[in-house]
Amino acid sequence: MEISTRLDTSNRPDEWKIEQGMAGHKLPILDQTGSETVHVYPPSSAHSFKNEEAIEAVGDREKLFSRERDGWEGYIEWEEFPEKKAQAHKILTSQSFPECPDYMFGPIPDTNPVLTGDDFKAWHAALGGELTTAADDSWRIVLEEKHPDMLHLLQFPYNGEPPKRLTTSEVVTPNPLHFVRNHGGIPIIDKDKWDLRLDGLVANPKTYSLEELMDESRFPRIEKTATMQCSGTRRIEQINEYGGQGDEVPQAPWAEGAIGTARYVGISLKKVIKDCGGLVGGAKHLEFYGVDTYVKDLEVGNYVVSVPWSKVKANEVILAWEMNGEPLPKIHGYPLRVVVLGYIGARSVKWLYRIKAIENSSRAPVQAKEYLYFNQQVGKYNLRPTDGIQIQEMPVSSAIMTPWTKQTIIHNGKIHCKGWAYSGGGRWPERVEVSVDGGFSWYAVPPEKMSEKGRWRWRTWEIDVPCDVEGWIEIVCRCWDNALNTQPLNVRAAWNWGLHVTSSAHRIKVYSVNKSRDVTRKRLEQFEHLGIPLAPLTRYEAVSSQTPEEYEQFWRDHDPRDVDD
């Protein structure tokens, strides 16, 4: 048979990797809607442009976006000035910017910071004025306030989590190790020049200084130990199985560390609303405004979200100024932040400066267009925000922090595992179970090996789980909360285009080497005697495991490999 000369025989050097799905970001989309299949390839490079005339026509950016309040560095009021938003949008749409790197199918960089956020940096720099130094100022604060071993997933806006070995090292997370999920720059605010405005549908709108809010004769103090969790926690598991879109903020590849527990001191928002005479005019939601500037679809605004009045009425929304016995760190919202107990971390607004009572949930993009949980058939091709469920309460979840996936464990019949478990909405982990056979049989973590239970906080746990088998095994953990909610058993059941809320049972693959088995123990002793390391496990070592005499003796003592019949 003659090979057709029409066949394309021009391969790329990485053709094998592309064909095997190891460079999925380079694969063409196959359009099979016509009579012949059309290959739609990713563009080789984005078209670069800059309309200087249009940008100049907007006006002097240093004046348009200059500092608005003394002692409020990095603050621009967007929400009350639609014309200012329109000017910013014109600037951003009149030029091109660096693209967000696609690592859903491609490689994740071997760096720390993992991603730099060049697009967000460029957006802030293009607007100029008060935002000119936002990226540099934020990174300086990160280096000042965070532990030197933090894993910087995104340099700007800053997203970071502690390494696994430190995530559950303490039940209450030290401030330098608490995860951070920012959406813009870190503002620098003088608390003596700061105030909080509470307006909208309240009987008597008021403005408060921090000193007034801290006046115990007016507002009784609340101290709560609360776990805060990002809905992106464990996102990397969804990415590894099935890519998705994530947020417009470059999809930080969160692992298991986007969760932390702290002791917060503040006051109940309910008491402040009562001080304003209560809600009027059918108000059912409270809208929170953060000082930081956020960019969504090249539209600019302050960070704004909302929670229902029912949550506030239950005294489950705190205005906090203290974290773990210290004033709030700058990176965590100094001088005042919201802490919404049991809700997704995105609702706990940092650098709070305004609360507005409204009738319906906020139409701001973070509330209306992001942090949505979609059906699995929703993607880039058919996505509509109204098809998503707004994420509020966090579901039950858990994670194994040690060992790590792909590790080899030498043990004597038991593998030591550590991790965390959490459930939102005021529920708590009642039982944690661990399996070493992929989820067929489960061992309950002894109660004495779990930290104290509480309505709003996680429980850390550890267990020596029995394991007799050797070779590749899959260790799985799952949590049952006090309402008997538990986790779906596989990632696919939790996958969604936004890559939010990886609530499936956490699975890791490890290689089990059981030293209590005689053959294994002797082989390890042989390696040790010869000075041969077991690591890496997959490297072949030219060391015979049997002498010729031992080999022949075996067949003298046993039936032959074949039969005579």
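Quick caveat, the model's predicted, so the values are computed rather than measured.

## With respect to the pairing of strand S20 (residues 397-402)
Phase 1 of the analysis: Within S20, five of the six residues are buried, leaving the element largely enclosed by the surrounding structure.
Phase 2 of the analysis: In this structure, S20 lies alongside strand S22 (residues 414-422), joined through five bridges in antiparallel fashion. Its bridge partner being in S22, threonine 402 is matched across the sheet by lysine 418.

## Re the nonpolar core
If you look at soluble globular proteins, the nonpolar side chains tend to sit buried side by side.
Phase 1 of the analysis: In this structure, Leu269, Phe288 and Leu319 are the most contacted members of the largest nonpolar core, which totals 83 residues.
Phase 2 of the analysis: Residue assignment places this core across two domains, with domain 1 (52-372) and domain 2 (396-514) each supplying three or more.
Phase 3 of the analysis: Listed in part, the 29 residues of the second largest apolar core include Tyr103, Val114, Ala252 and Leu341.

## Some words on helix H4 (residues 82-93)
Phase 1 of the analysis: Between its terminal C-alpha atoms H4 stretches 16 Å, which fits the 16 Å expected from 12 residues at 1.5 Å a residue.
Phase 2 of the analysis: Of the surrounding elements, those touching the buried residues of H4 are helix H2 (52-58), helix H3 (61-64), helix H5 (118-127), strand S12 (285-296) and strand S13 (299-308).

## Here's the deal with the environment of arginine 455
Phase 1 of the analysis: Among the structural elements, arginine 455 can be located in the loop between strand S24 (443-444) and strand S25 (459-466).
Phase 2 of the analysis: What makes arginine 455 partly exposed here is its relative accessible area of 43%.
Phase 3 of the analysis: Considered as a pair, arginine 455 and proline 187 are 268 residues apart in the sequence and their alpha carbons are 32 Å apart.
Phase 4 of the analysis: With residues up to four places along the chain from it excluded, the contact list for arginine 455 reads Glu316, Gly426, Arg427 and Trp428.

## With respect to the packing of H4 against H5
Phase 1 of the analysis: Between H4 and H5, whose axes approach to 10 Å, the crossing angle comes to 120 degrees. The orientation of H4 with respect to H5, classified from their angle, is oblique. When the axes of H4 and H5 are compared, the crossing they make is right-handed. Across the interface between the two elements, Ala88, Ile91 and Leu92 of H4 pack against Trp123, Ala126 and Leu127 of H5.
Phase 2 of the analysis: Split into classes, the residues belonging to the contact of H4 with H5 amount to six nonpolar, no polar and no charged.

Quick notes on the rules
Residues numbered from 1 in each chain as written. Predicted model: local features only at pLDDT ≥ 70, side-chain atom pairs only at ≥ 80, totals over all residues. Heavy atoms only, no water. Buried < 20%, exposed > 50% of the residue type's maximum accessible area, 1.4 Å probe, protein only. Helix = DSSP H or I, 4+ residues; strand = E, 2+ residues; numbered from the N terminus. Pairing = 2+ DSSP bridges. Core = buried A, V, L, I, M, F, W, Y, C linked by side-chain atoms within 4.5 Å. Domains from an automatic or database assignment. Expected span 1.5 Å × (residues − 1). Contact = heavy atoms within 4.5 Å. Axes fitted to C-alpha atoms, helices over the stretch in contact; angles between N-to-C directions. Parallel < 35°, antiparallel > 145°, perpendicular 65-115°, else oblique. Left-handed = near helix turned anticlockwise from the far one by under 90°. Nonpolar A, V, L, I, M, F, W, Y, C, P; charged D, E, K, R; others polar.

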